[in-house]
Amino acid sequence: MPVVTIASPKGGAGKSTAAVILGTELAHAGAAVTMIDCDPNRSLTLWSDQGDIPPRIQVLSDVGESDLIKTVKQHDQDGSIVIIDLEGVASRLVSRAISQADLVITPMRGTTLDATIGVRALQLVAEEEEALDRSIPHAVVFTMTRNIRSKQHNGIEASLREQGVDIIDPSLIERAAFAALFEFGGDLRTIPPQGNMETAQANAQGFAEAVYARLRGEAGESAA
Amino acid sequence: MSERKAFSIDVGGLKSRPKQSDARTIAKTDKAGEKHGFIDREPKAKRGRKPSPRTGQVHAKVLPQVQAQIAAEARRRGTQQGVIIEDAWELYCEQHGITDED
Ligand SMILES: Nc1ncnc2c1ncn2[C@@H]1O[C@H](COP(=O)(O)OP(=O)(O)OP(=O)(O)O)[C@@H](O)[C@H]1O
Ligand SMILES: [Mg+2]
């Protein structure tokens, strides 16, 4: 089963939020999902401790360099989609998690700082592709986006597209409901309503469907 | 939430490639990471005994019975002989009115 690695050395880019949205939406759509928490700050674990873990999801905590590859191997074969959440640092654990991925997702806010640091994840993927002599599908998802996009965001997106980077559509919009997942645990169906839940749910599902299409090899192969 | 199409997953359609996890692959991966500053940041579990803060050394030849007594006392207290000397020095300082600033 496919392994999705969520990676960016930029802290606060929206990795853990993207991981929880993706995991809960895929599980809701019927997949078994194993979420591996590789962040010593334990964001995923905090989410899972906050409320009931939705059906078909398991969360593995405190996975480090010494056991990541072994853990991925185990769950790669047990029929669940594996999602790896990493700390926002440039660490060896990140490069190992990328080496095991069927898809790398780099969440990025549409700001110059986020893009500059986030791009380091893309450069690492390219380096590993060369070193390991295989392609590692990867994509960027813009996070915390608003209805009206800044010039900065548009510029960054255009420049990434020009370089052949696969950009996941829809982006993850800024929603109180997404932040609330960490306050209440569970998924967008179980948390108390925050703002317009319909918009949040549609956005989350759209994102998960776009990732699913890539896991089927249907969409978004970057123009390499 | 009615007009949204249901999303359901057909697990059979998912693509997964065999993942290499041999030592050579890991070494290549680590090297690729290092090139871009993705380096080892695991907290290092300290192996073995912590280094002693007692790095100073006194050069003391003493009478054999004093040596034997200091050794016996250290063994009794389960400390190093240096600790006995530190204690003795503290008492000496008290007696002679020597303070830290001196
Ligand atoms: N789409 C979103 N809408 C609203 N809030 C968001 C969204 N994405 C992230 N946030 C908030 O932004 C903050 C950082 O997000 P998150 O923890 O997901 O980032 P991260 O990349 O995992 O950070 P780290 O590098 O520390 O692991 C959190 O407070 C989160 O609730
Ligand atoms: Mg995080």
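Note: the structure precedes this text.
Below, the structure is looked at part by part. (Residues numbered from 1 in each chain as written. Chains lettered and ligands numbered in written order. Predicted model: local features only at pLDDT ≥ 70, side-chain atom pairs only at ≥ 80, totals over all residues. Heavy atoms only, no water.)

Examining helix α3 (residues 81-96) of chain B
All names here are of chain B. Stated precisely, the cut-off is as follows: Strands are runs of DSSP state E lasting at least two residues, helices are runs of H or I lasting at least four, and both sets are numbered from the N terminus onward. To estimate the expected span of a helix, subtract one from its residue number and multiply by 1.5 Å. Each residue is placed in one exposure class: buried if its accessible area under a 1.4 Å probe, protein chains only, is under 20% of its type's maximum, exposed if it is over 50%, and partly exposed if it falls in between. For this analysis, residues touch if any pair of their heavy atoms sits within 4.5 Å.
Between its terminal C-alpha atoms α3 stretches 23 Å, which fits the 22 Å expected from 16 residues at 1.5 Å a residue. For α3, the set of buried residues is V83, I84 and C93. Next to the buried residues of α3 lie α2 (64-77). Positive backbone phi, approximately 65°, marks G97, located one or two places after α3.

Looking at the sheet that holds strand β7 (residues 172-173) of chain A
Residues and elements named next belong to chain A. Filter applied, for reference: By the convention used here, strands pair only if DSSP detects at least 2 bridges between them. All axes are obtained by fitting lines to C-alpha atoms, using only the stretch in contact for helices, and the reported angles, taken between N-to-C directions, cover 0 to 180 degrees.
Across the sheet, 7 strands lie side by side as β3-β2-β4-β1-β5-β6-β7; this open sheet has parallel pairing. Edge positions in the open sheet fall to β3 (57-60) and β7, since each of these has one partner strand only. Here strand β6 (residues 138-145) runs beside β7; their pairing, made up of 2 bridges, is parallel. Paired with T145 across the two strands is I173, which belongs to β7. On the sheet, helix α1 (residues 15-28) packs against β1 (3-6), β2 (33-37), β3, β4 (81-85), β5 (103-109) and β7 and is oriented at approximately 165° with respect to β4.

Re the site of ligand 1
Residue and element names in this part refer to chain A. Heads up, the rule is: Residues are classed as near a molecule or strand on a simple rule: at least one heavy atom within 4 Å of it. In the analysis that follows, any N or O atom pair within 3.5 Å is treated as a polar contact, provided that within protein one partner can donate a hydrogen and the other can accept it, and provided that, for residues neighboring in sequence, both atoms belong to side chains. For accessible areas, the Shrake-Rupley method is used with a probe of radius 1.4 Å. Any residue's cover is judged against the shown protein chains and nothing else. Residue polarity is assigned by list, with Asp, Glu, Lys and Arg as charged and Ala, Val, Leu, Ile, Met, Phe, Trp, Tyr, Cys and Pro as nonpolar; anything else, Gly included, falls into the polar class.
Inspection of the region around ligand 1 gives 16 residues, with G14, K15, S16, T17 and I173 positioned closest. Here an oxygen atom of ligand 1 and a backbone polar atom of G14 are 2.9 Å apart. Backbone polar atom of G88 to an oxygen atom of ligand 1: 3.4 Å apart, as the coordinates give it. When ligand 1 is considered free in solution it has 620 Å² of accessible area, and contact with the protein chains removes 75% of it. Going through the elements one at a time, α1 and α7 (176-184) are the ones with two or more residues in the shell around ligand 1. At 3 residues, the largest contribution of residues to the shell around ligand 1 is made by α1. A class-by-class count of the residues in the shell around ligand 1 yields 5 nonpolar, 6 polar and 5 charged.

Overview of the interface of chain B and chain A
Put simply, the rule reads: By buried area we mean how much accessible surface two parts lose on assembly, using a 1.4 Å probe and totalling the loss over both. A carboxyl oxygen of Asp or Glu within 4 Å of a side-chain nitrogen of Lys or Arg is what we treat as a salt bridge.
Opposite the 32 residues of chain B that make contact, chain A presents 46 residues. Roughly 3,600 Å² of surface becomes buried between chain B and chain A when both sides are summed, with 55% attributable to carbon and sulfur atoms. Counting the surface chain B buries against chain A, the share from its top three residues, R4, F7 and F38 of chain B, is 22%. Note that K35 of chain B is salt-bridged to E127 of chain A, the shortest N-O span being 2.8 Å. Across the contact surface, chain B and chain A share 22 residue pairs in polar contact (both at pLDDT 80 or more). Across the side of chain B that touches chain A, the residue classes break down as 10 nonpolar, 10 polar and 12 charged.

Points about the nonpolar core
Residue and element names in this part refer to chain A. In plain terms, the rule: Definition used in this section: a nonpolar core is a set of buried Ala, Val, Leu, Ile, Met, Phe, Trp, Tyr and Cys residues joined via side-chain atoms within 4.5 Å.
Within the largest apolar cluster, 45 residues are counted, with the highest numbers of intra-cluster contacts made by L22, L26, M35, I105 and F207. Here this core takes 9 residues from helix α8 (residues 197-215), the largest share from any one element. Excluding residues within four positions of it along the chain, I105 makes contact with V4, T5, I6, A7, L22, A139, V141, I168, F207 and V211.

Focus on the environment of D102 of chain A
Among the secondary structure elements, D102 of chain A is positioned in the loop between α4 (92-99) and β5. What makes D102 of chain A buried here is its relative accessible area of 11%. Residues D102 of chain A and V82 of chain A lie 20 residues apart in sequence; the distance between their C-alpha atoms is 9.7 Å. Apart from the residues lying within four places of it in its own chain, the contact partners of D102 of chain A are M1, P2, V3 and P137 of chain A together with K15, S16, R17 and K19 of chain B.

Digging into the pattern of salt bridges
All names here are of chain A. For the coordinates displayed, the defined rule picks out 20 salt bridges over all chains. As a salt-bridge pair, D166 and R214 come within 2.7 Å of each other at their nearest N and O atoms. In this pair, D166 sits in the loop between α6 (151-162) and β7 while R214 sits in helix α8, placing the two residues 48 residues apart along the sequence. Given the relative accessible area of 8%, D166 is considered buried. Owing to a relative accessible area of 13%, R214 belongs among the buried residues under this scheme. For R216, the salt bridge identified is with E218, shortest N-O distance 2.8 Å. For E218, a relative accessible area of 54% gives the class exposed.

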